[in-house]
Amino acid sequence: MDFKLKQEHLMAQKLFRDFAVNEVEPIAQEIDENHRFPEETLEKMQKNGFLGIPFAKEFGGQGCDTLTYVLAIEEISKVCATTGVILSAHTSLGAAPINDLGTPEQKEKFLRPLISGEKLGAFGLTEPEAGTDAAGQQTTAKLDGDEYVLNGSKIFITNAGPADTYIVFAMTDKSQGTRGISAFIVEKGTPGFETGHKEMKMGIRGSATRELVFTDCRIPKENLLGREGRGFGIAMGTLDGGRIGIAAQALGIAQGALDKSIAYVKERKQFGRPIANFQNTQFTLATMATEVESARMLVYKAAVAKDTQRRYSYEAAMAKLKASEVASFVTNRAVQLHGGYGYIQDYDVERMMRDAKITEIYEGTSEVMRMVISGTILN
Amino acid sequence: MNIVVCVKQVPDTNEVRIDPVKGTLIREGVPSIMNPDDKAGLEAALRIKDKTGAKVSVITMGPLQAEEILREALAMGADDVYLVTDRAFGGADTWATSSTLAGAISKLDYDLIITGRQAIDGDTAQVGPETAEHLDLPNISYAQEIEVDGDEVVVLRQYDDRSHRVRAKLPVLVTALSELNKPRYMTPGGIFDAYREKEVVQWVREDIPVEDENIGLSGSPTRVSKSFPKAVKEPGMKIEEGVEESVQFIVDKLKETYIL
Ligand SMILES: Cc1cc2nc3c(=O)[nH]c(=O)nc-3n(C[C@H](O)[C@H](O)[C@H](O)COP(=O)(O)OP(=O)(O)OC[C@H]3O[C@@H](n4cnc5c(N)ncnc54)[C@H](O)[C@@H]3O)c2cc1C
Ligand SMILES: Cc1cc2nc3c(=O)[nH]c(=O)nc-3n(C[C@H](O)[C@H](O)[C@H](O)COP(=O)(O)OP(=O)(O)OC[C@H]3O[C@@H](n4cnc5c(N)ncnc54)[C@H](O)[C@@H]3O)c2cc1C
């Protein structure tokens, strides 16, 4: 067992860190305040190959691995969780299913522009009545000649609006239950496909979260991803990968809040000395650091598992459960160590604490993670 | 077209602290970086490559760990990289450094050689021009802009109070300023290729056509006669009081030191 990152991972980490500090951090506060989607950062990430990190070069990817992708999400989320989720949703949810299941034609047409940096991806599974119970899909897709006709709506979809390519789930045969769900690739601008207004959120405010609405939206038959009736499995498999991205996002938020706290307690003086001199401060930081490191071990382990094992749902669920709870705990403690200043918007930890919460909710709540983990250990 | 870029690994002076007693740099634990002027020079070369398809080779002389900046150069888009490394080259001053670099460069095809203006640790700004001299090439220093126009190079050369636009026939050696451009980021895939697919060519003493009397410590004519720290100024004191109190404070201080 070797806990050291390889040289290429270390250099990639340095790249992502430099990029995060120079390009992402300077606007993190502003995009949060204005609920503004950071177009300019997306462009820079596209130009620098960040949108295709774990994909083979064959279709324009960078040819790196899942661990490198995790390092990117972690470093970026350390300074801005909004930017982290834009990249994570694109990579794990938008591009990965086409990479894993697409036909050569679909890969050429849809995957190449996604991972070479021209287009942005999104993933629409959740519906108003189908959240945790994703099997309860109400959106329908009916084959009519050479086209599927989609009707229904999706809610809370990350990157919706800016995204060009959407993976959308719909019932092709209601009588079959989960075996009646299919996955489709839908392009922005298809008649009958609209995105709704942008949700105002507690955290990751710069990210675009919107409704998708389909009214007699006709898409070519060739846009069916995988086989008809296999959509539910595709969704669950995709989310296994996505959870590693969100776990990395949570890890980054936690590390970012820890870093800010370490700097702050050395500066802030009360009772004539830096608050770092109080044992309570020291012990709190020790606990925070230990929690962050334990989350990191699970997240990196899940990343390696994804590249080396056939199944990794268990590792991914544990990584996301731990990292997201650590993010909430650590950002909460970070605000506490900052006192009143931590509650004020001028200080990054205020934003980080709001950002952390979502990692316990999306791509499966912590309750769902516990179901996956207990399901594995009891079987 | 072939471009050779010379890069040096230097301690990141943003992170360097000074030993308050000895007055020397504390190098331990300080991250190493590609010298900023050199990185701008590499970026200029890569931009020419983007436009014209030129081949970009990168050379450094240094210890084995200097390999890292060569991998970085590859990850930014350089075509091939050379590490000139041998105990025999150690302890070189600018004369020995430039002699060795010139020997190494003479083994490659080149139309344009780009070095940085100066290294942020050694700071002499001599290596570039000296290398040009050894290779019997014209040299344009302090480039703010570099453009290739057919078999000529057009350089905007910076002076304190003005700039010159200079045109020269290739081959030529140009020294670059960090203000030249904003160097590109590496790409993640470029990093993987740099480590997994590309090679850092190592050149040792025997590989470099240069006389023994011009390399290493013994080939370095410069002698440091004395080295001493500049007196480190104590940080000043900031008094944030009203005008009256501040003036009184200054007067008291001056009296304390018998100036008044
Ligand atoms: C900002 C944001 C971005 C999102 N991005 C996307 C996206 O890109 N694509 C997408 O498809 N979806 C997305 N979602 C949706 C997200 O995945 C869902 O909100 C999440 O899965 C929970 O579903 P729900 O909101 O319907 O909650 P519910 O399912 O109503 O859950 C409410 C509570 O009940 C608990 N619960 C439910 N069932 C059980 C059970 N059986 N046992 C125990 N507890 C249970 C849940 O854990 C939770 O605590 C996003 C959501 C948000 C807020
Ligand atoms: C402890 C110590 C003592 C020293 N004593 C002396 C001394 O007595 N006399 C003396 O002359 N120098 C001395 N030096 C400086 C040392 O010789 C220089 O670092 C070296 O010769 C390069 O010069 P420079 O750093 O000033 O580079 P500069 O001339 O400022 O560099 C200009 C450009 O030349 C290129 N270049 C420089 N070095 C390299 C390299 N190794 N590989 C590839 N390209 C390169 C780069 O493109 C760089 O931007 C000493 C250095 C140290 C650390």
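Residues numbered from 1 in each chain as written. Chains lettered and ligands numbered in written order. Predicted model: local features only at pLDDT ≥ 70, side-chain atom pairs only at ≥ 80, totals over all residues. Heavy atoms only, no water.

Some points on the packing of helix H4 (residues 81-101) of chain A against helix H5 (residues 104-115) of chain A
A pair of packed helices can be characterised by two numbers: the angle between their axes and the separation between those axes.
All names here are of chain A.
Right, on to step 1. Between H4 and H5, whose axes approach to 9 Å, the crossing angle comes to 150°. By the angle between their directions, the pair H4 and H5 is classed as roughly antiparallel. H5 is crossed by H4, and the crossing has left-handed handedness. Between H4, through His90, Gly94, Ala95, Ile98, Asn99 and Leu101, and H5, the contact on the second element is made entirely by Gln106, Lys107, Phe110, Leu111, Leu114 and Ile115. (Axes fitted to C-alpha atoms, helices over the stretch in contact; angles between N-to-C directions. Helix = DSSP H or I, 4+ residues; strand = E, 2+ residues; numbered from the N terminus. Parallel < 35°, antiparallel > 145°, perpendicular 65-115°, else oblique. Left-handed = near helix turned anticlockwise from the far one by under 90°. Contact = heavy atoms within 4.5 Å.)

Some details on the pairing of strand E4 (residues 165-171) of chain A
All names here are of chain A.
Right, on to step 1. The buried fraction of E4 amounts to 7 of the 7 residues, a majority that puts the element mostly inside the structure.
Right, on to step 2. Neither face of E4 is open: one carries Thr165, Ile167, Phe169 and Met171, the other Tyr166, Val168 and Ala170, and all of them are buried.
Right, on to step 3. Examined bridge by bridge, strand E1 (residues 121-124) and E4 share 4 bridges and lie parallel to one another. Looking across to E4, one finds that alanine 122 is bridged to tyrosine 166.
Right, on to step 4. When E4 meets strand E5 (residues 181-187), the two strands line up antiparallel, connected through 7 bridges. The residue bridging phenylalanine 169 from the neighbouring strand is alanine 183, located in E5. (Buried < 20%, exposed > 50% of the residue type's maximum accessible area, 1.4 Å probe, protein only. Pairing = 2+ DSSP bridges.)

Regarding the packing of helix H2 (residues 67-76) of chain B against helix H5 (residues 188-196) of chain B
All names here are of chain B.
Right, on to step 1. Between H2 and H5, whose axes approach to 8 Å, the crossing angle comes to 130°. One way to sum up the angle between H2 and H5 is to call them oblique. Of the two elements, H2 crosses H5, and the hand of that crossing is right-handed. In contact with Glu68, Arg71, Leu74 and Ala75 of H2, H5 contributes Gly190, Ile191, Ala194 and Tyr195.

Brief notes about the site of ligand 2
Residue and element names in this part refer to chain B.
Right, on to step 1. Inspection of the region around ligand 2 gives 28 residues, with Lys8, Asp38, Ala92, Ala119 and Thr124 positioned closest.
Right, on to step 2. Separating an oxygen atom of ligand 2 from a side-chain N or O atom of asparagine 35 is a distance of 3.2 Å.
Right, on to step 3. The backbone of threonine 94 places a nitrogen or oxygen atom 3.4 Å from an oxygen atom of ligand 2.
Right, on to step 4. For the shell around ligand 2, the residue count by class is 10 nonpolar, 11 polar and 7 charged. (Near = heavy atom within 4 Å. Polar contact = N/O pair within 3.5 Å; in protein donor to acceptor, adjacent residues only side chain to side chain. Nonpolar A, V, L, I, M, F, W, Y, C, P; charged D, E, K, R; others polar.)

Comments concerning the site of ligand 1
Residues and elements named next belong to chain A.
Right, on to step 1. In the vicinity of ligand 1 there are 18 residues, among which Thr126, Thr132, Phe156, Thr365 and Glu367 approach most closely.
Right, on to step 2. Interatomic distance of 2.8 Å between a backbone N/O atom of phenylalanine 156 and a nitrogen atom of ligand 1.
Right, on to step 3. Measuring from a nitrogen atom of ligand 1, one finds a side-chain N or O atom of threonine 158 at 2.8 Å.
Right, on to step 4. When ligand 1 sits alone it has 960 Å² of accessible area, and the protein chains cover 63% of it.
Right, on to step 5. Every element with two or more residues in the shell around ligand 1 is listed here: E1, strand E3 (147-158) and helix H10 (366-378). (Areas by Shrake-Rupley, 256 points an atom, 1.4 Å probe, with all protein chains shown as cover.)

Topic: a nonpolar patch on the surface
All names here are of chain A.
Right, on to step 1. Residues Met1, Phe3 and Met297 make up a contiguous nonpolar surface patch of about 420 Å² in total accessible area.
Right, on to step 2. For methionine 1, the location among the structural elements is in the segment before helix H1 (7-33).
Right, on to step 3. Under the relative-accessibility criterion, methionine 1 is labelled exposed at 93%. (Patch = residues over 30% accessible without salt bridge, like charges linked within 9 Å, V, L, I, M, F, W, Y side chains within 5 Å. Salt bridge = Lys/Arg side-chain N within 4 Å of Asp/Glu carboxyl O.)

Looking at the pattern of salt bridges
Residue and element names in this part refer to chain A.
Right, on to step 1. Inspection of the entire model under this criterion finds 41 salt bridges over all chains.
Right, on to step 2. For the salt bridge of glutamate 108 with arginine 112, the shortest nitrogen-to-oxygen distance reads 2.6 Å. One end of the pair is glutamate 108 and the other is arginine 112, both in helix H5 and 4 residues apart, which spans about a single turn.
Right, on to step 3. Ionic contacts of the salt-bridge type, sharing partners, join the residues Glu25, Lys260, Asp348 and Arg351 into one network.

Focus: helix H6 (residues 243-256) of chain B
Right, on to step 1. With 14 residues, H6(B) should reach 20 Å at 1.5 Å per residue; the first-to-last C-alpha distance of 20 Å fits that figure.
Right, on to step 2. A positive backbone phi angle near 60° is found at B:Tyr258, which sits one or two residues after H6(B). (Expected span 1.5 Å × (residues − 1).)

A closer look at the interface of chain A and chain B
Right, on to step 1. Contacts between chain A and chain B engage 23 residues on the former and 16 residues on the latter.
Right, on to step 2. At the boundary of chain A with chain B, total buried surface from both sides reaches about 1600 Å², with 62% on carbon and sulfur atoms.
Right, on to step 3. Sorting the residues of chain A by area buried against chain B places A:Glu8, A:Met11 and A:Leu15 first, and these three jointly supply 38% of that buried surface.
Right, on to step 4. Inspection of the chain A/chain B interface yields 4 salt bridges. (Buried area = accessible area lost by both parts, 1.4 Å probe.)

Geometric values such as these leave the question of function open.
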